[in-house]
Amino acid sequence: MNKYNPQKIEAKWQKEWEKKKRHETKDRAEGKKNFYHLVMFPYPSGDLHIGHWYNFAPADVYARFKKMQGFNVMSPIGFDAFGLPAENAAIKRGIHPRDWTEKNIKKMRKQLQSMGNMYDWSREVVTCEPEYYKWTQWMFLQLYKKGLAYKAKVPANFCPSCKTVLANEQVAGGKCERCDSEVIQKEINQWMFKISDYAERLLKEIDDLDWPETTKIMQKNWIGKSEGYNIKFEIPACSGEIPVFTTRVDTLFGCTYLVLAPEHPFIENHQAEITNYKFVEQYIESSKKKTERDRISEMGEKTGVCLEGVKAVNPVNGREIPIFVADYVLFHYGTGAVMAVPAHDQRDFEFAQKYNLPIKMVICPNYPKNICPILDRAFEDEGFLVDSDRFTGMPSKEARQRIGEWLESRKKAEKKIYYRLRDWLISRQRYWGAPIPMILCQQCGWQPVDEKDLPVLLPALKDFRPTGEGKSPLAKADKFVSVACPKCGGQAERETDTMDTFVCSSWYFFRYADPRNKEMFASKEKLNAWLPVNMYIGGAEHSVLHLLYSRFFTKAMQDQNFIDFAEPFLRLRHQGIILGPDGQKMSKSRGNVVDPDEQVKKYGADAVRMYLCFMGPYNQGGPWNPNGLVGIQRFLQRTWDIINSKTKAKTENQYIEIEKLLHKTIKKVTEDIEGLRFNTAVSSLMILINEISKQPEALKIENWKSIVQLMAPFVPHFAEELWQQLDFKDSVHSQSWPVYDSGLVKEKTALIIVQVNGRVRDKIEVPADLPEGQIRDLAFSSKKAQNWIDGKKPKKIIFVPNKLINIVI
RNA sequence: GCCCGGGUGGUGGAAUUGGUAUACACGAGAGACUUAAAAUCUCUUGUCAGCAAUGACUUGCGGGUUCGAGUCCCGCCCCGGGCACCA
């Protein structure tokens, strides 16, 4: 008998599809709506492990499903090819990053093709190719022109091992996200993107997106909006004032001192008035030396120094209060100064306890009883005001508004909003990235490279290793550095830093729409044909990095009218993470990376695809365990055998039950794929085949057609082969998705659960929609139920149509 | 510390709106076919009691709401992710 040989048919159909260019997508298809299906493009690290398969194979099931539903689906793929890991790996192996990257891409292309995904390779983009990074540089210039790219000397996160600065988003717990080394603070002149200009839009416009709620919350927290007041505290000693930001104006009467961040300019500007300046200076120096790590480990252990000789005046009651400098106050947030209310802020509370400062309670949980508890920690909740002059007795929420307005009318305060989001630092002192297209002229200052001179090619350096002195390796390439000023023509120097890879990946989804355009990153016509992305699938680890940056790019490009939409990804879903068999995150150093090749060789790509779908909920992931794969193989073999036995169907209505089950399965599979519940979709297919295998003669050939179609997205080669064996025309993948008959799906009978006092005592089968009265009679005549009713009179009867009757006695 | 997500058989998991808990699959056990093995097929498989019919118990723990709770509410424990002095 004809045996299912996955390796043979997979090779056959992959060749055939490629020959017929089955997966190339036209920008317009007659009578079809475009559907942009996108997976996060991979980083060419070398080998495609099972985690990649988990990302790409179920995603491809969705793409194929949408195609069969009649959409003109674009499913592109490419490589996020610049970046630190490639460079670090190349250094380790003593080869050039370009060679290493190209070799990996070649290998991964082959591996990706072996999965049988419907990628349109004609649209492939590779971010380290000049034809691509030309437009990355072009985007930089557009941002620069609008003042959204600027160079500034800021304290930055510096990784001593990677020898480059990093964005805030790339530092996790004081450590480098890539190599886990301790990050130190270093002041370097850096190129920044002004993402903070878009904080409000990034926050507001996320609401309407069909994204996982958790991802939205993460982005919102990262942006971190706070509304409050900037309050002016007068400093009589130097006839100046210090503004502080607070979200709790209602606690102002409880403010017993001010605290400035060590970097606050007031301190340096008033050396004369501060009588213990030497001491203060020492404190500032010592806190500067602290690493991010020190600050984290010291959390709770607050330090500071009082500025002797200067006092601040609380605008609300005219009282003079001391001023401290302490590094628990951050300079880069708000005004770099806070009003300390130890009774109602835990940090101030700890500081006040340590330095014996007055703790004055002004919010009570239970006014007018007015019994304030003795505090062992700050009371940060809402309550009623006490000891607050004419605001006493007012709920804190109302007081916030009233005190704010009152101060505003006296010009002592103004409404203010601050965001936690800081600007995006994009300079990297590394070789393997897109050069920043800027030129520094001693006469004219920073000048952008002329657009017609793009791309600024990355020179083919022999020694590309980082220098460690905070300078890019490109600085060593004299030919690259030395250039004529675009403005005056005089001697000038190129910027030698390269761009963070996240810049390259912030716009790649535009390029897929028009990948070979030489005039523009993509034409508006093609952008409008495809974007925004209809379905985006990728890991949750990008919740704030890539996904936030891409939204920023999209908004910035919209504002300059290069595109017509404000959000790049309308629908987003995350796949889970496949862990190593040991339950740990897969990593080469742990040696638990699973290569799917062995399983593919044994069971075929189709079985592996389907097993990945079947394993569990797609967004969950978990440890890799191939034990269940054999179950998928058995299922495919059984399906194959039944079809090949070519059992002829009998008369139409004899097997109506099977036909009904088929239509229920169509409904279930359709709904499940749409919701990315691949595991239950596969299980319902198994139930169907199990049922059919009991009576294979029950199915008409027409119904086999539907079944093969239902399976096609999961096991594309298998389905294509069966399609051909059943003598159907064309390709199964260009068929339209089966539609269920709602008449057949509707149940003719219902199984009624008979409960007595909420416990199941019997089950009775009745015609569907039988009215309550009749079911009641049936329930009472049930012997099993009668045993429990025991002749008693029911107190109550609960009836759920077509489901359940509960007799309460 | 704060914000999310999760905890169901030996294992992966199902239960879409508060209505049969354990679908589907793996594994295990028994049997059929076979000289034998593989493959395939059939049956059993949450726990306890029972020959059985059947009954009791069971969704991390403890309470609660409800005729009825894996699902809702309160309190706790554990695991995973994010944030981490953001005033």
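As the structure is a prediction and not an experimental result, all values here were calculated from the model.

Peer 1: I tried to follow helix α22 (residues 678-694) on my own but got confused; where do I start?
Peer 2: In an α-helix, one full turn covers 3.6 residues, which means residues spaced three or four apart are oriented alike. With 17 residues, α22 ought to run about 24 Å at 1.5 Å a step, and its terminal C-alpha atoms sit 25 Å apart, in line with that. Residues of α22 that are buried include every one of F678, N679, A681, V682, S684, L685, M686, L688, I689 and I692, and no others. Of the surrounding secondary structure, the elements contacted by the buried residues of α22 are α2 (50-68), α19 (605-614), α20 (629-644), α21 (656-674) and α23 (701-711).

Peer 1: Where do I start with a positive patch on the surface in this structure?
Peer 2: Together, K92, R93, K103 and K588 make up a positively charged patch on the protein surface. If you trace the backbone, K103 turns up in helix α4 (residues 97-114). With relative accessibility at 52%, the residue K103 sits in the exposed group.

Peer 1: Sorry, what's going on with the environment of F553 here?
Peer 2: Its place among the elements puts F553 in helix α17 (residues 546-559). A relative accessible area of 1% means that F553 is categorised as buried. Residues F553 and W507, spaced 46 residues apart in sequence, show a C-alpha to C-alpha distance of 6.9 Å. Those residues in contact with F553 that lie beyond four places of it in its chain are M139, L143, F193, W424, V503, S506 and W507.

Peer 1: I would appreciate a short explanation of the sheet that holds strand β33 (residues 804-808) in the present structure.
Peer 2: Strand pairing in a sheet relies on backbone hydrogen bonds, with the paired strands running either antiparallel or parallel. Taking strand neighbours across the sheet as the criterion, the four strands line up as β31-β30-β33-β32 in an open arrangement whose pairing is mixed. The two strands at the open ends of the sheet, each matched to only one other strand, are β31 (759-767) and β32 (796-800). Between one strand and the next, the sheet's axes are offset by a mean angle of 15 degrees, whatever the strand orientation. Bridge count between β32 and β33: five bridges; the pairing is antiparallel.

Peer 1: Help me out: how do you make sense of the confidence of the model for chain A in this one?
Peer 2: In low-pLDDT regions, the fine details of the predicted coordinates are not to be read closely. Per-residue confidence for chain A gives a mean pLDDT of 90; residues scoring 70 or more make up 96%. Both confidence scores are given for the complex: pTM 0.93, ipTM 0.94.

Peer 1: Help me out: how do you make sense of the pattern of salt bridges in this one?
Peer 2: Side chains carrying opposite charge are able to pair once their charged atoms draw close together. Scanning the entire structure with this criterion turns up 51 salt bridges. D27 is paired through a salt bridge with R123; the nearest N and O atoms lie 3.0 Å apart. Here R123 lies in the loop between α4 and β4 (125-126) and D27 lies in the loop between α1 (6-19) and β1 (33-39), a separation of 96 residues in the sequence. Each member of the pair, D27 as well as R123, carries the same accessibility label: buried. Of the charged contacts, one joins E200 and K225 as a salt bridge, the two residues approaching to 3.0 Å between their closest N and O atoms. One end of the pair, E200, is in helix α6 (residues 199-204); the other, K225, is in strand β10 (residues 225-235), with 25 residues separating them in the sequence. With a relative accessible area of 28%, E200 lands in the partly exposed category. Accessibility expressed as a relative area gives 32% for K225, which makes it partly exposed. Bridged by salt links that share partners, the residues R201, E205, R551, K555, D559 and E567 form one connected network.

Cut-offs and rules
Residue positions are counted from 1 within each chain, in the order its sequence is given. Naming scheme: in the order in which they are written, chains are lettered from A and ligands are numbered from 1. Owing to the predicted nature of the model, reporting of local features is limited to residues with pLDDT of at least 70; listing and counting of side-chain atom pairs is limited to 80 or more, with chain, interface and lining totals taken over all residues. Each side-chain value is worked out from all heavy atoms of the structure, with water and hydrogens disregarded. A run of H or I in DSSP counts as a helix once it spans at least four residues, and a run of E counts as a strand once it spans at least two, with each numbered from the N terminus. The span one expects for a helix is its residue count, reduced by one, times 1.5 Å. Throughout, exposure labels follow a simple rule: accessible area from a 1.4 Å probe, protein chains only, divided by the maximum for the residue type, with under 20% read as buried, over 50% as exposed, and the rest as partly exposed. For this analysis, residues touch if any pair of their heavy atoms sits within 4.5 Å. Only residues whose relative accessible area exceeds 30% and that take part in no salt bridge are eligible for patches, with like-charged residues grouped when within 9 Å of each other and nonpolar side chains (Val, Leu, Ile, Met, Phe, Trp, Tyr) grouped when within 5 Å. Note on areas: Shrake-Rupley, 1.4 Å probe, and residue coverage restricted to the protein chains presented here. Definition used for salt bridges: Asp or Glu carboxyl oxygen within 4 Å of a side-chain nitrogen of Lys or Arg. Two residue types count as positive, namely Lys and Arg, and two as negative, namely Asp and Glu; His and chain ends fall outside the count. Lysine's charge is taken at NZ, arginine's at CZ, aspartate's at CG and glutamate's at CD. Only when DSSP finds a minimum of two bridges between them are two strands counted as paired. In this analysis, axes come from line fits to C-alpha atoms, helices being fitted only over the stretch in contact, and the angle between any two N-to-C directions falls in the range 0 to 180 degrees. Each residue carries a pLDDT value, the predictor's own confidence for that position, ranging from 0 to 100.

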